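Here is how the chains run, residue by residue.
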Amino acid sequence: MSQPNRLKTGGRVDRSRQLTFTFNGQRYQGHPGDTLASALLANGVDIVNRSFKYSRPRGIVAAGAEEPNGIVQLGSTEAGQVPNVRATQQALYQDLSARSTNGWPNVQRDLMGLVGKLGGQFMPPGFYYKTFMAPASMWLTYEKYIRKAAGLGRSPTENDPDIYDHRHQHCDVLVVGAGPAGLSAALAAGRAGARVILVDEQEEMGGSLLSSRESIDDAPATTWVEKVLKELSELEHVTLMPRTTANGYHDHNFVTLHERCTEHLADLAPRAGGRRQVRSRMHRVRAGQVVLASGAHERPLVYAGNDVPGNMLAGAVSTYIRRYGVAPGNRLVLSTSNDDGYRSALDWAEAGREVVAIADARQNPDGELVEQARAKGIQIIAGSAVIEARGDKRVAAAKVAKIDIEGFKVTGPVEELACDTIASSGGFSPVVHLASHTGSRPTWNEELLGFMPSPVKGMTPTGGAHGVYALGQVIADGFKAGSAAGEACGFERQDASLPKVDERREGAAVALYQVPHQKATLRGPKQFVDMQNDVTAAAIELATREGFESIEHVKRYTAMGFGTDQGKLGNINGMAIAARCLGRTIPEVGTTVFRPNYTPVSFGAIVGRHCGELFDPERYTAMHQWHVENGAEFEDVGQWKRPWYFPRTVNGKTETMHEAVARECSAVREKVGILDASTLGKIDIQGPDAREFLGRVYTNKWAKLAPGRVRYGLMCKDDGMVFDDGTTSCLAENHFLMTTSTGGAATVLEWLEIWHQTEWPELDVYFNSVTDHWATMTVTGPEARKLMAELTDIDLDKDSFKFMDWREGKVAGVPARVFRISFTGELAYEINVQANYAMHVWKKLFAHGDKYGLTPYGTETMHVLRAEKGFIIAGQDTDGSVTPEDLGMHWAIGYDKPNSWIGKRALTRPDTKRTDRKQMVGLKPKDPSVVLEEGAQIVFDPNHAIPMPMKGHVTSSYYSPTLQSGFALAVVMGGHQKMGETVYLPMVDGQVHEAEIVSPIFLDPKGERQNV
Amino acid sequence: MFYIFCPYCGEHREEEEFHPKGQAHISRPEDPEATSDEEWGDYLFFRDNPRGVHHELWVHAVGCRKFFNITRHTVSYEILEVYKMGEQPSITAENYAAQQGAASADKERNASQAKHQEGVRA
Ligand SMILES: [Zn+2]
């Protein structure tokens, strides 16, 4: 029969329409307005999962975000797979397809359950703790087992075709939760004129009012909801966001909202107007004030067998009946510690089903709801509780007995009542999750038997989240909070015109968490505290016996509150049990903290549009298109795309990188090459004190650099360690152009600014990044001058335009600055032109360069050429622990400069003066075919027992086509005094390379080639 | 994710626009050559790590590129004050503690008021 548990009338589902869905391959029917959970219950599906550790059958327990068992894998196609969806939060849609996350081979006949409860033995409490303490290799064994048995959901193996979005928003008042408190708060703030965002995680706004028995203004509560929503929707500054979960609350009222835009419609976002809609959206909201109206979660009681399908939260039973028109069983026993639980029994009876009995833990229950139950003739057993649920795949009976809460013992005979459903209520826990994300620790309130949110600046808790539960008071409290929040944002206080809600006389609740059993906890049947992680009361007791006294330790030891559950149902019961075992109070055991996210967020929503080609911005030089057209392979240097090498294809055969680099190197050394060097950082420095400033930030001298001249400069931090280098040219007396490494451009500019702004504000000097304004092309090689001569009006005579000079003129008809600096060791002209002229100049150079063998080269060749000359790359050959002395660059250190330039003082500290520091040297492998590994460690004695003392490491290593040999730059302890000595490089594969320490300048040590 | 008031731009901006640069008011010794190795080591390497009121140097890196100071509570992360370079904080660990002790009645009201008073020029 279709939907055996669906009631004939009632609920907010649309019975006129049928939806078909499948669960574990079985087809079922439901209605629009159902969640997957309510539809499963309507169809009488008891088992929705197998438990993580013990493989026990599990059913739906709750009706909201706190559901621990109904975790499913969604998706009818591979690309549409979504793991870890709560059935209680997933709206039903046509053709929805879901599977249990756990259960192998299936939930009904679970193999793991039969293998002697292997899980239980295999995973005692402290499993994670002990596993991580065990040899690492054991984890692999465990992990395979756990994954197979537990499932844990899986991510799709195909690309997600959906698109996701981010939106950044500001508002005056963000109201989290659209139950009675939230609606009322939004109304108060909205009426005041504040920009309000009201979010609610459910399909429909209204929260508890959607299943409430109470009336507001003498009408059903839902009528009031509709009225308020209508007014809010007409307020221009109010944004209503259903299906939106506030998942993280961060500093300074920054809240992340996860809006599920189409997840209630289909697996993959449907198309609208030919375009795929956004599946979900992350809103990053900066709120003036946050009103936390997140309500309260009902606490289940902890009794034996409380995980057998058919055990449910009392409030959830009411919600399924009243909101979804589903009675999830036929015969109910209620176990409660408070009046509120009675609602489920009343709803059950009114749905025409049998209430077998109510076990009330209180000696003299006497509230209004109690009287209503009595009036219906329901049997109430005072001073008792359900101590054990009997049944295997579904509850078959409840064992009820009188209990002594204080003494934690069963005091009367045990009566077994046949039933198929047990509802339990242990009171309510305010949903303080968001409040504690910011680091504020919830505080225990003994009167309310729950943790209350602690003050967070700019946040007001209200309603259930504030420990206010009576409907009339909730609405009033919400209004007050909303009005105050509006006022804090500068809007006028609102006078409340509160609706009429009948006061309900309520009896006091008792504090009951774990229900005693005839047998001691450690020997009795399992009482579950955290169903998602299969944590039992016995496990917590065991943890306290093993010496774990803090609740934080107990949690880690037992895994309570782990996973997607985050302790929504179990944490406080777990704390109460730990407190009982330790003979302390709950607040003495600790407090409960929660971390973002409140419920799982899909990676898609986190990523938004920052994926694929939009993952990270890419920076292109002005000549990029030419590089692409000429077959360049690219290398990422920061965000820049730089040509790495230009492989040629001859007779259908494409060069390897090795071949291309060899050809490019020879072209530069023998003819002429060209490099796109536009990515080098360029900083324009101006002001009367520019020269003085340079003298303070560089290690070398700048006082006498004349206009037209260029100088290499080395920059240290004040600890004496090199952090960047480059050339700086004097453009005019008060005007300089500094170049930095590609990666260091932004860092160096900030470095100059911090010194100017914080230490030397009296210096009149200004800095500006001009990296993108100027394109740079390096023309280098013996034929460079001839090629340049064809295109420039600048006098290229070697005596008038010398090495380390720069000249202004025209190149290829456009204004240019040409610098005679060389990073290759060859004759070189670095041409800087306005970026938008660069492609023209580049092409002109090629038009004229062919006859000279002009060859484009990339970063790989640049590296080989510079390393052959011993030119360092800051950040590759240095690592923040290398001084200019270590680099052997005494010539760039102006010890006698009049000021104490940055880094100078540190160079005379005892540590920087050590002679056994790691010093820059060259390494020549004994076998020329060997290219040493960058990062390889250097030892002096290869026969030394392991661990060998490590004496240095390789920083740069290449094959040099010019030297016909591998060669490397390295730092070696005391290396400057070890020229000619042999060092050893033991490799992972057991090989030991031999290399000779040589000068880091492998080619043209006198620098004659660049001076021609 | 902080929400930071740049005293030069005169606006609150998202933390992404700023870089933290460590403890504020670390001034380089006037004459580095005259310092002992220990003094120089202190200047280079030693920083406070207080629980409570802390003065920090920040830069509006992708905004106006100006450096300024933030007085921040390292437990609540509340920004108590921002002030320009060359100015001194009006809120310090000492007077903050005194103020918290004295005005417990006004505490909540004070805490709910966004405070970004200008620093006192030195
Ligand atoms: Zn600014």
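Identification of chain B as Sarcosine oxidase subunit delta from Onishia taeanensis is taken from an unreviewed UniProt entry.

Chain A is annotated in an unreviewed UniProt entry as Sarcosine oxidase subunit alpha of Onishia taeanensis. The UniProt entry for chain A carries the following text under Sequence similarities (unreviewed entry): "Belongs to the GcvT family."

Q: What's the story with the overall build of chain A in this structure? I'm lost.
A: Within chain A, the secondary structure is distributed over 25 helices and 54 strands. Taking the principal axes of its C-alpha atoms as reference, chain A extends roughly 115 × 70 × 60 Å. Among the 1012 residues that make up chain A, the fraction classed as buried is 53%. Contacts spanning at least 24 positions in sequence make up 67% of the contacts within chain A whose residues lie at least 6 apart.

Q: What's the story with the overall build of chain B in this structure? I'm lost.
A: Within chain B, the secondary structure is distributed over three helices and eight strands. In sequence order, chain B lays out its α and β elements as β-β-β-α-β-β-β-β-α-α-β. Split into buried and exposed, the 122 residues of chain B put 20% on the buried side. For chain B, the share of sequence-separated contacts (at least 6 apart) that also reach a separation of at least 24 residues comes to 57%.

Q: Explain the packing of helix α19 (residues 657–670) of chain A against helix α24 (residues 859–868) of chain A to me, please; I cannot follow it from the model alone.
A: When two helices pack together, you describe them by how their axes are tilted relative to each other and by the distance separating the axes. Residue and element names in this part refer to chain A. Put simply, α19 and α24 touch, their axes get as near as 9 Å, and they point 55° apart. Accordingly, the angle class assigned to the pair α19 and α24 is oblique. Two packed elements cross with a definite hand, and for α19 against α24 that hand is right-handed. Contacts between α19 and α24 involve Met-657, Val-661, Glu-664, Cys-665 and Val-668 from the first element and Glu-860, Thr-861, Val-864 and Leu-865 from the second. Among the residues making up the contact of α19 with α24, the classes are represented as six nonpolar, one polar and two charged.

Q: Help me out: how do you make sense of the pairing of strand β38 (residues 673–676) of chain A in this one?
A: Consecutive side chains along a regular strand alternate between the two faces of the sheet. Residues and elements named next belong to chain A. Burial along β38 is two-sided: the face carrying Gly-673 and Leu-675 and the face carrying Ile-674 and Asp-676 are both buried. As paired strands, β38 and strand β44 (residues 774–780) are joined by four bridges and run antiparallel to one another. Bridge assignment links Ile-674 to a residue of β44, and that residue is Val-779. Sheet analysis places β38 next to strand β48 (residues 855–856), joined by two bridges and oriented parallel. Paired with Ile-674 across the bridge in β48 is Pro-856.

Q: Teacher, can you tell me more about the environment of Met-721 of chain A here?
A: All names here are of chain A. Tracing the backbone shows Met-721 in the loop between β40 (710–716) and β41 (722–732). Separated by 162 residues in the primary sequence, Met-721 and Thr-883 have C-alpha atoms spaced 4.5 Å apart. Residues in contact with Met-721, not counting those within four places in the same chain, are Cys-716, Gly-880, Ser-881, Val-882 and Thr-883.

Q: Explain the UniProt feature "domain: SoxA A3" (unreviewed entry) in chain A here, please?
A: UniProt's entry tags residues 525–606 of chain A with the feature "domain: SoxA A3" (unreviewed entry), counted in the numbering of this structure. For residues 525–606 of chain A, the helix share is 45%, the strand share is 6%, and the end-to-end C-alpha distance is 43 Å.

Q: What should I look at first to understand the confidence of the model for chain A in this one?
A: Note that predicted coordinates carrying low pLDDT should not be read in detail. Overall, the predicted model of chain A reaches an average pLDDT of 93, with 95% of residues at or above 70. Considering only residues more than four positions removed or in separate chains, one finds that residues 112–122 of chain A, a stretch of pLDDT under 50, has 17 contacts.

Q: Looking at this structure, I do not really get the interface of chain B and chain A. What am I missing?
A: Frequently, the measure chosen for interface size is the accessible area that the parts lose on association. The interface is formed by 23 residues belonging to chain B together with 22 residues belonging to chain A. Breaking the side of chain B that touches chain A down by element, the ones donating at least two residues are α1 (37–45) and α3 (107–112) of chain B. A class-by-class count of the residues in the side of chain B that touches chain A yields 12 nonpolar, three polar and eight charged.

Q: Quick question: what am I supposed to make of the UniProt feature "domain: FAD/NAD(P)-binding" (unreviewed entry) in chain A here?
A: Residues annotated by UniProt as "domain: FAD/NAD(P)-binding" (unreviewed entry) correspond here to residues 172–478 of chain A. Across residues 172–478 of chain A one finds 21% helix and 37% strand; the C-alpha atoms that close the span lie 16 Å apart.

Q: Just checking my understanding: could you explain the environment of Pro-600 of chain A for this structure?
A: Residue position: Pro-600 of chain A is located in the loop between α16 (586–589) and α17 (603–607). Those residues in contact with Pro-600 of chain A that sit more than four places away from it in its chain are Asn-84 and Thr-564 of chain A.

Q: Teacher, can you tell me more about the nonpolar core here?
A: The tendency in soluble globular proteins is for nonpolar side chains to be buried side by side. Residue and element names in this part refer to chain A. If you look at the biggest cluster of nonpolar residues, it comprises 104 residues, and the most contacted ones within it are Leu-40, Val-333, Ala-345, Ala-385, Val-386 and Ile-387. Look past the residues within four positions of Ile-387 in its chain and what remains in contact with it is Tyr-303, Ala-304, Lys-399, Val-400, Ala-401, Ile-403, Val-410, Val-414, Val-515, Pro-516 and His-517. Counting residues in each nonpolar core, the second largest holds 99 residues, with Leu-737, Trp-806, Ala-874 and Val-954 among its members.

Q: What should I look at first to understand the sheet that holds strand β46 (residues 814–819) of chain A in this one?
A: In a beta sheet, neighbouring strands pair by backbone hydrogen bonds and run either parallel or antiparallel. Residue and element names in this part refer to chain A. One open sheet holds the six strands; their spatial order is β45-β46-β47-β44-β38-β48, and the pairing between them is mixed. The two strands at the open ends of the sheet, each matched to only one other strand, are β45 (806–811) and β48. With four bridges joining them, β46 and strand β47 (residues 828–834) adopt antiparallel strand pairing. Considered in β47, the bridge of Val-818 is made with Ile-831. Running over the sheet, helix α23 (residues 838–849) touches β38, β44, β45, β46 and β47 and is turned about 15° from β44.

Q: Looking at this structure, I do not really get the sheet that holds strand β6 (residues 79–84) of chain B. What am I missing?
A: Spatial ordering of the open sheet is given by β3-β4-β5-β6 (chain B), a layout of four strands whose pairing is antiparallel. In this open sheet, the two edge strands, each paired with only one partner strand, are β3 (19–23) and β6 of chain B. Going from strand to strand, the sheet's axes swing by 30° on average, the running direction of each strand aside. One ladder, built from seven bridges, connects strand β4 (residues 53–59) of chain B with strand β5 (residues 67–73) of chain B; its direction is antiparallel. Each residue of the ladder has a partner; that of Glu-56 of chain B, found in β5 of chain B, is Ile-70 of chain B. Seen against the sheet, helix α21 (residues 745–759) of chain A touches β3, β4 and β5 of chain B and runs at an angle of roughly 85° to β5 of chain B.

Q: Please clarify how the pairing of strand β9 (residues 196–199) of chain A should be interpreted in this entry.
A: Residue and element names in this part refer to chain A. Covered by surrounding structure in β9 are Val-196 and Leu-198 together with Ile-197 and Val-199, the residues of both alternating faces. Summarising the sheet, strand β8 (residues 163–176) and β9 pair through four bridges and their orientation is parallel. Residue pairing across strands places Val-175 opposite Leu-198, the latter belonging to β9. Examined bridge by bridge, β9 and strand β12 (residues 238–241) share four bridges and lie parallel to one another. Paired with Val-196 across the bridge in β12 is Val-238.

Q: Please clarify how the domain arrangement of chain A should be interpreted in this entry.
A: Examined at the domain level, chain A breaks down into domain 1 (19–114), domain 2 (163–296 + 431–488), domain 3 (300–426), domain 4 (628–679 + 773–875), domain 5 (680–770 + 883–906) and domain 6 (915–1012). Using only C-alpha atoms to locate each centre, domain 1 of chain A and domain 6 of chain A end up separated by 62 Å.

Q: Got a minute to help me understand the environment of Arg-279 of chain A in this structure?
A: All names here are of chain A. Note that Arg-279 resides in strand β17 (residues 278–292). Residue classification places Arg-279 among the buried residues on the basis of 26 C-beta atoms within 10 Å. With near-sequence residues (within four places) excluded, Arg-279 lies in contact with Asp-162, Ile-163, Tyr-164, Cys-261, Thr-262, Glu-263, Ala-269 and Gly-604.

Q: Just checking my understanding: could you explain unusual backbone geometry for this structure?
A: Most of the time, phi is negative for any residue but glycine, and the peptide bond is trans. Residues and elements named next belong to chain A. Following Pro-596, the chain continues into Asn-597 via a peptide bond in cis, with omega recorded as 0°. In this fold, Asn-597 is placed in the loop between α16 and α17. Here the residue pair Ile-946 and Pro-947 is connected by a cis peptide bond, since its omega of 5° sits within 30 degrees of zero. On the secondary structure map, Pro-947 appears in the loop between β50 (937–938) and β51 (952–960). In the Ramachandran plot, Asn-24 falls in the positive-phi region, its phi being about 50° despite a non-glycine side chain. Relative to the assigned elements, Asn-24 resides in the loop between β1 (19–23) and β2 (26–30). Note on Asn-24: 16 C-beta atoms within 10 Å, which makes it partly exposed. Of note in this structure, Asn-84 is not a glycine but carries a positive phi near 60°. By the element assignment, Asn-84 lies in strand β6 (residues 82–86). Since 18 C-beta atoms lie within 10 Å of it, Asn-84 is described here as partly exposed.

Q: I tried to follow helix α15 (residues 571–582) of chain A on my own but got confused; where do I start?
A: Since the α-helix packs 3.6 residues into each turn, any two residues three or four apart lie on the same face. Residues and elements named next belong to chain A. Here α15 is 12 residues long and its end C-alpha atoms lie 16 Å apart, about the 16 Å a rise of 1.5 Å per residue gives. The buried fraction of α15 is high, at 10 of 12 residues. Restricting attention to buried positions, one finds in α15 the residues Asn-571, Ile-572, Asn-573, Gly-574, Met-575, Ala-576, Ile-577, Ala-578, Arg-580 and Cys-581. Packed against the buried residues of α15 are β28 (428–430), β32 (528–530), β33 (535–536), α13 (537–545), α14 (551–558) and α16.

Basis of the calculations
Residues numbered from 1 in each chain as written. Chains lettered and ligands numbered in written order. Predicted model: local features only at pLDDT ≥ 70, side-chain atom pairs only at ≥ 80, totals over all residues. UniProt positions renumbered as here; feature names shortened; annotations may be inferred. Helix = DSSP H or I, 4+ residues; strand = E, 2+ residues; numbered from the N terminus. Buried ≥ 20, exposed ≤ 12 C-beta atoms within 10 Å, placed from the backbone. Contact = placed C-beta atoms within 7 Å. Axes fitted to C-alpha atoms, helices over the stretch in contact; angles between N-to-C directions. Parallel < 35°, antiparallel > 145°, perpendicular 65-115°, else oblique. Left-handed = near helix turned anticlockwise from the far one by under 90°. Nonpolar A, V, L, I, M, F, W, Y, C, P; charged D, E, K, R; others polar. Pairing = 2+ DSSP bridges. pLDDT = per-residue confidence, 0-100. Core = buried A, V, L, I, M, F, W, Y, C linked by C-beta atoms within 7 Å. Domains from an automatic or database assignment. Expected span 1.5 Å × (residues − 1).

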